[in-house]
Amino acid sequence: MYHVALPCHVRRTAYPCPSPGCAKQTPPPAAVLNSDNSSPLQNRLLSLSCTIMAGTSLHHPTDPCANGEHSGPAAVAVPSDVGTCGWDAGIPVVDYDVLVNGAADQRAQAIRDLGRACEDWGFFMVINHGVPEDLKEAVMETCRELFSLPEEEKAEYLEAGPMDPVRIGSGFYSVVDGARYWRDYFKMFVHPEFHCPAKPAKLRDVATEYAVKTRDLLLSLATAISESLGLDRGRVYEAMDLESCFQILTANHYPPYAGPDDVGLGLPPHSDHGFLTLLFQNGVDGLQVERDGQWVLATPLPGAFFVIAGDQMEIVSNGRYKSSLHRAVVGGERARMSMVSMISPSLDTVVEPVPELAQDGQGLEFRGIRYRDYMEHQQSNKLNGKAALDIARVQRTVSGAEN
Ligand SMILES: O=C(O)CCC(=O)C(=O)O
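Computed from a predicted model, the values in this text were never measured in an experiment.

What counts as what
- Residues numbered from 1 in each chain as written.
- Predicted model: local features only at pLDDT ≥ 70, side-chain atom pairs only at ≥ 80, totals over all residues.
- Near = placed C-beta within 6 Å.
- Helix = DSSP H or I, 4+ residues; strand = E, 2+ residues; numbered from the N terminus.
- Nonpolar A, V, L, I, M, F, W, Y, C, P; charged D, E, K, R; others polar.
- Expected span 1.5 Å × (residues − 1).
- Buried ≥ 20, exposed ≤ 12 C-beta atoms within 10 Å, placed from the backbone.
- Arc of directions from axis to C-beta.
- Pairing = 2+ DSSP bridges.
- Contact = placed C-beta atoms within 7 Å.
- Axes fitted to C-alpha atoms, helices over the stretch in contact; angles between N-to-C directions.
- Parallel < 35°, antiparallel > 145°, perpendicular 65-115°, else oblique.
- Left-handed = near helix turned anticlockwise from the far one by under 90°.

Colleague: Please provide a residue-by-residue account of the site of the ligand, values included.
Modeller: Around the ligand, the structure places T250, N252, L267, D272, L279, Q281, G286, L287, H326, A328, S338 and V340. Of all the secondary-structure elements, those providing two or more residues to the shell around the ligand are β7 (246-254), β9 (276-281), β13 (326-330) and β14 (336-344). When its residues are assigned to classes, the shell around the ligand shows five nonpolar, six polar and one charged.

Now the structure itself:
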């Protein structure tokens, strides 16, 4: 068993941060207090003792490590420069209805706000998005049923690798993790080909509908993002050949936390390998996003999706929009679930920056890379923040020459 001390988690909170080194020691104004500060996770995340559990199996039915096949996990890398409590996280909110149906001036403002959200955060919430709440609930509930199926029903997917179309496992990719994370996952490739386990029986229909609705939303956001970059609305779509986009649905299940400490890691800091990710959760917080070197707890508005910029966004925008570094933190007695829908270019698309976005005199920040190669690279290695992007980054010497 291995313990790593974790400084204070940055979050909105009703109490002064007790962490040593925290810059803000005064309580927030009443207007930004959380209304629900009584949930176990909320309270635990406020704890002074923010310690990561690593190296302990979940002892959960879907945990491929539960039989102890791994030994001697290494330390989890945890940023040490966190510790300031963000009383008001200020995560940007995009009103999709305004973006699509607003009057010209409202729309123009919404596009500017979207651009700022992508530039400053690479992360925002989208409201009035049109994906029905009962469909969201149905897809999450069906995935919950999948996690609880007997082991033998899932066995064929437990050994799957990152490029297999259906995959069930624990941690990130337990073969390379080097530490155990408090998370079970279920991934399926849903576009251009739809892959799905036979059980639960209703999964196919529910996931098909959810995949279509969230894909439409993400593709529409892609056109608005293109505009926000000062390009034609179809430019990013065309540059990434999103007509034939690739889509993955992922359900994450973080069982009630039973580690030795108050808080553990469900997923270590990472950015997503794709272009754009949509995420919602089951009412239990735990997603944290990095902003200016600090971790901010992402607490959603009712019904909102989180939208997360992925590495392909950073590449295609020539680094103008950064992919978001985020992680999942667990603690408390309630299981957490999150549902992820991610779109990317097709596996065979070579992704490169849109040339119009080359900075004056600076050229392109990234070289072209086939998305399949990028995805395989990021998914087959230990998660290490945004290090995967380096494979596509143009390295320059001090004199400015490219390597
Ligand atoms: O569960 C969450 O909130 C984060 C999930 C995530 O980052 C992922 O699936 O890549």
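So that's the structure; there's more coming.
Colleague: Describe helix α3 (residues 104-120), with residues and values.
Modeller: In a regular helix each residue adds 1.5 Å, so 17 residues correspond to 24 Å; α3 covers 24 Å between its end C-alpha atoms and thus fits that length. Looking only at α3, the buried set comprises A110, I111, L114, A117 and C118. For α3, the angular spread of the buried residues around the axis is 120°, confining them to a single face. More than 90 degrees from the buried face of α3, the exposed residues found are D105, A108 and R112. Directly after α3, the chain includes G122, whose backbone phi takes a positive value near 65°.

Colleague: Summarise the pairing of strand β8 (residues 264-270); cite the residues concerned and give the values.
Modeller: Extensive coverage of β8 is indicated by the burial of seven of its seven residues. Direction of pairing for β8 relative to β13: antiparallel, over a ladder of four bridges. Following the sheet pairing, G264 is matched in β13 by V330.

Colleague: Would you mind going over helix α9 (residues 371-380) in detail, with residue names and values included?
Modeller: An α-helix turns once every 3.6 residues. As a result, residues three or four positions apart point the same way. The set of residues buried in α9 consists of Y371, Y374, M375 and Q378. Seen along its axis, α9 keeps its buried residues to an arc of 95°; they face one direction. Buried residues in α9 make contact with α8 (311-316), β14, β15 (350-351) and β16 (369-370).

Colleague: Can you explain the packing of helix α4 (residues 133-147) against helix α6 (residues 203-228)? Please cite residues and give values.
Modeller: Running from amino to carboxyl end, α4 crosses α6 at an angle of 135°, the nearest separation of the two axes being 9 Å. Taken as axis vectors, α4 and α6 run oblique relative to one another. The chirality of how α4 crosses α6 is left-handed. Here α4 contributes L135, A138, V139, T142 and L146 to the contact with α6, which in turn contributes L203, V206, A207, E209, Y210 and K213. Of the residues contributing to the contact of α4 with α6, the split by class is eight nonpolar, one polar and two charged.

Colleague: Describe the sheet that holds strand β6 (residues 184-191), with residues and values.
Modeller: Strands belonging to one sheet form pairs held by backbone hydrogen bonds; the direction of such a pair is parallel or antiparallel. Reading across from one edge, β3-β4-β12-β9-β14-β7-β6-β5 is the order of the eight strands in this open sheet, with mixed pairing throughout. A single partner strand is all that each edge strand has here, and the edge strands are β3 (93-95) and β5 (166-170). Sheet twist, expressed as the mean angle between neighbouring strand axes with direction ignored, is 25°. Here six bridges tie β9 to β14, and the two strands are oriented antiparallel to one another. By the bridge assignment for β14, F280 is matched with M339. This element, α6, spans β6, β7, β9, β12 (305-309) and β14 of the sheet and lies at about 130° to β9.

Colleague: If you had to explain unusual backbone geometry to someone new, which residues and values would you point to?
Modeller: Backbone phi values are negative for most residues with the exception of glycine, while trans is the configuration of most peptide bonds. Each neighbour pair has its own omega, and for H191 with P192 the value is 5°, a cis peptide bond. In this fold, P192 is placed in the loop between β6 and α6. Positive phi, normally seen in glycine, also occurs at N128, with a value near 50°. Looking at the element boundaries, N128 is found in the loop between β4 (123-127) and α4. Despite not being glycine, D292 has its phi angle at roughly 50°, a positive value. For D292, the location among the structural elements is in the loop between β10 (287-291) and β11 (294-297).

Colleague: Give a description of the packing of α3 against α6 that names residues and reports values.
Modeller: The interhelical angle for the contact between α3 and α6, taken along N-to-C directions, is 90°, at an axis separation of 8 Å. In terms of orientation, α3 lies roughly perpendicular with respect to α6. Across from I111, L114, G115 and C118 in α3, the residues of α6 making contact are A224, I225, E227 and S228. Among the residues forming the contact of α3 with α6, the class breakdown is five nonpolar, two polar and one charged.

Colleague: I'd like to hear about the sheet that holds β11, residue by residue, with values.
Modeller: Strand order in the open sheet made by the four strands is β8-β13-β10-β11, with antiparallel pairing throughout. The open sheet terminates on both sides in strands that have one partner only, identified here as β8 and β11. Across the sheet, the mean angle separating the axes of adjacent strands is 25° when strand polarity is ignored.

All quantities given are derived from atomic positions and should not be read as evidence of function.
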